[in-house]
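A structural walkthrough
Each chain is listed here by its residues.
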2 protein chains.
Amino acid sequence: MSRVRVHNFSVSLDGYGTGEGQSMEAPFGHAGERLHSWFFETRTFHQMQGRPGGGTGADDALASAWGPGIGAEIMGRNKFGPQRGPWQDEEWKGWWGPDPVFRTPVFVLTHHPRPSVEMAGGTTFHFVDATPQEVLRMAREAAGDRDVRIGGGPSTIRQFLAADLIDHLHVVLVPIVLGRGERLWDGLEELEARFPSVESVTTPSGVTHLTFARP
Amino acid sequence: MSRVRVHNFSVSLDGYGTGEGQSMEAPFGHAGERLHSWFFETRTFHQMQGRPGGGTGADDALASAWGPGIGAEIMGRNKFGPQRGPWQDEEWKGWWGPDPVFRTPVFVLTHHPRPSVEMAGGTTFHFVDATPQEVLRMAREAAGDRDVRIGGGPSTIRQFLAADLIDHLHVVLVPIVLGRGERLWDGLEELEARFPSVESVTTPSGVTHLTFARP
């Protein structure tokens, strides 16, 4: 069976995966770029933006694993954009421009479904009101024999972890105290016991990559 | 001026420095030994117990820094023991036996002062009802030109951090999700901004040592 993977998900020391006050100008709220500056320096991120350069060290080696073998992504609506409640603006097609980095079907969890949006480069956004199990079934069907990535934000990953649906969890611990926002770890007592492999490694950027995995 | 230091303070991924339900049998509550197993393997801990052996790798190198240059410790009452409220048992002299590892004056913060207790080996427990600033003044006077260690638990360290009294903070991140207990990081937004030096290093035991320091 295909695996369910999380990659490059940054959290603060106090466990926040995003800050407070998301808006068009601040996708991560008051966290700004502090949770992701390690990622912005990587070649993987530069390539996502069609730019040359970027670091090719350990951060990049770990970051680059996000793409290979993935056939679909599931994301929460708050990752897709800052709108809440019924869609006021269906012209909004995500933060990622006309040619999004995903290049697979992307299932956006929302209580307000809308028609699918086909983008350039292979990305199609589907908007579904479903449980983690239901949307995972759809994503697996779309992914064929490839894996499914759970893209975030924190509450989406937390729901999938709570339902024990994740096989590979790559979390990046950033040594900052955010103070407020949305927490990843709540309600997940003894999460580590479900994963036979737990690895930690600090890279020169100062972040610590944690990988929880099962076969 | 002497420095104020924290050493070997373990926290879980969700930021708990101790578990729920402390008792005589369970000094760290439901956390058991999970937060400290990395430490129990070190030669530093073996020596504290008068036992031979113990690891001499990076965990031990970092752990061993707790003692040198320290002239006094400040601890919270919950580190001293499981009793709450007025003392029912003044015979209780801490978890550390007749010859405690501290070998300096130790100031125990409590709303219920009691007479000082002089132990073998240089440790004297003083029981004081004081603010962080007040007890630090006492501890500095007792320490002479040596440093003062803040020994924990989480709420004591958090109070000293909130008052910006700590110069060296060594926290050990253990890759477990405790789920409940007492949190370290609450109310400390942007703590990292106060420390010009923030270092992280993962050791082969799988824990990550974080050091926040200022001159």
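Source: prediction; values computed, not measured.

All names here are of chain A. For strand β1 (residues 4-12), the tally of buried residues reaches nine of nine residues, placing the bulk of the element in the interior. Note that β1 and strand β7 (residues 147-150) share two bridges and pair parallel. Bridging across to β7, V4 finds its partner in V148. Where β1 lies against strand β8 (residues 168-174), six bridges are found, and the strand directions are parallel. Its bridge partner being in β8, S12 is matched across the sheet by V174.

Taking the UniProt record as the reference, the feature "domain: Bacterial bifunctional deaminase-reductase C-terminal" (unreviewed entry) is found at residues 108-207 of chain A. Annotated as 21% helix and 28% strand, the span residues 108-207 of chain A places its first and last C-alpha atoms 29 Å apart.

Now for the sheet that holds strand β7 (residues 147-150) of chain B. All names here are of chain B. Pairing is mixed across the open sheet formed by nine strands, whose spatial order is β5-β6-β4-β3-β7-β1-β8-β11-β10. On the outer flanks of this sheet lie β5 (117-118) and β10 (197-202), each paired with one strand and no other. Across the sheet, helix α5 (residues 132-143) is in contact with β1 (4-12), β3 (70-76), β4 (105-109), β6 (124-128) and β7; its angle to β3 comes to roughly 155 degrees.

Residue and element names in this part refer to chain A. Sheet architecture is open: nine strands sit in the order β5-β6-β4-β3-β7-β1-β8-β11-β10, paired in mixed fashion. Where the open sheet ends on each side, the last strands, each with one partner, are β5 (117-118) and β10 (197-202). Contacts from helix α5 (residues 132-143) reach β1, β3 (70-76), β4 (105-109), β6 (124-128) and β7, with the element oriented near 155 degrees to β3.

Expressed as a screw transformation, the operator carrying chain B onto chain A has a rotation angle of 180 degrees and an axial translation of 0.0 Å, and the superposed copies differ by an RMSD of 0.0 Å. Expressed as a symmetry operation, the mapping of one chain copy onto the other fits a two-fold axis. Every residue of chain B has its C-alpha some distance from the rotation axis, and the shortest such distance is that of B:T202, at 2.8 Å. Most of the interface of chain B is mirrored in chain A, where 100% of its interface residues again form contacts.

The next point concerns the side chain of B:R214. In this fold, B:R214 is placed in the segment after β11 (208-213). Not counting chain neighbours up to four residues away, the residues in contact with B:R214 comprise B:R3, B:D164, B:L165, B:I166, B:D167, B:R194, B:F195 and B:P196.

Once that is clear, we can look at the interface of chain B and chain A. Tallying the contact residues gives 27 residues for chain B and 27 residues for chain A. In total, chain B and chain A occlude about 2,100 Å² of area from one another, counting both sides; carbon and sulfur atoms represent 55% of this. When residues of chain B are sorted by the area they lose upon contact with chain A, B:L13, B:V177 and B:E189 head the list and together hold 29% of the total. For B:R180, the salt bridge identified is with A:E189, shortest N-O distance 2.8 Å. Inspection of the chain B/chain A interface yields twelve residue pairs in polar contact (both at pLDDT 80 or more). Across the side of chain B that touches chain A, the residue classes tally to 13 nonpolar, six polar and eight charged.

Here we take up the packing of aromatic side chains. Under the criterion given, the structure shown has 28 aromatic pairs over all chains. When the ring of B:F80 is compared with that of B:W87, the centres are 6.0 Å apart and the planes differ by 85 degrees; the resulting orientation is edge-to-face. Its relative accessible area of 14% is what places B:W87 among the buried residues. Their ring planes at 70 degrees and their centres at 5.8 Å tell us that B:F195 and B:F212 sit as a pair that is edge-to-face. With B:F195 in the loop between β9 (182-183) and β10 and B:F212 in strand β11, this pair connects stretches of sequence that are 17 residues apart. B:F212 matches B:F195 in its accessibility class, with the two residues each being buried. Taken together, the ring pairs connect A:F80, A:W87, A:W96, A:F102, A:F125 and A:F127 into an aromatic cluster.

Across all of its chains, the model carries 22 salt bridges over all chains by this definition. Put simply, B:R183 and A:D186 hold a salt bridge, and the shortest N to O gap is 3.5 Å. Linking B:R183 in strand β9 with A:D186 in the loop between β9 (182-183) and β10, this pair reaches from one chain into another. One network of salt bridges, in which partners are shared, links A:D164, A:D167, A:R194 and A:R214.

Rules used in this analysis
- Residues numbered from 1 in each chain as written.
- Chains lettered and ligands numbered in written order.
- Predicted model: local features only at pLDDT ≥ 70, side-chain atom pairs only at ≥ 80, totals over all residues.
- Heavy atoms only, no water.
- Buried < 20%, exposed > 50% of the residue type's maximum accessible area, 1.4 Å probe, protein only.
- Helix = DSSP H or I, 4+ residues; strand = E, 2+ residues; numbered from the N terminus.
- Pairing = 2+ DSSP bridges.
- UniProt positions renumbered as here; feature names shortened; annotations may be inferred.
- Contact = heavy atoms within 4.5 Å.
- Axes fitted to C-alpha atoms, helices over the stretch in contact; angles between N-to-C directions.
- Least-squares fit on C-alpha atoms with pLDDT ≥ 70 in both.
- Buried area = accessible area lost by both parts, 1.4 Å probe.
- Salt bridge = Lys/Arg side-chain N within 4 Å of Asp/Glu carboxyl O.
- Polar contact = N/O pair within 3.5 Å; in protein donor to acceptor, adjacent residues only side chain to side chain.
- Nonpolar A, V, L, I, M, F, W, Y, C, P; charged D, E, K, R; others polar.
- Phe/Tyr/Trp six-rings, centres within 6.5 Å; stacked < 30°, edge-to-face > 60°.

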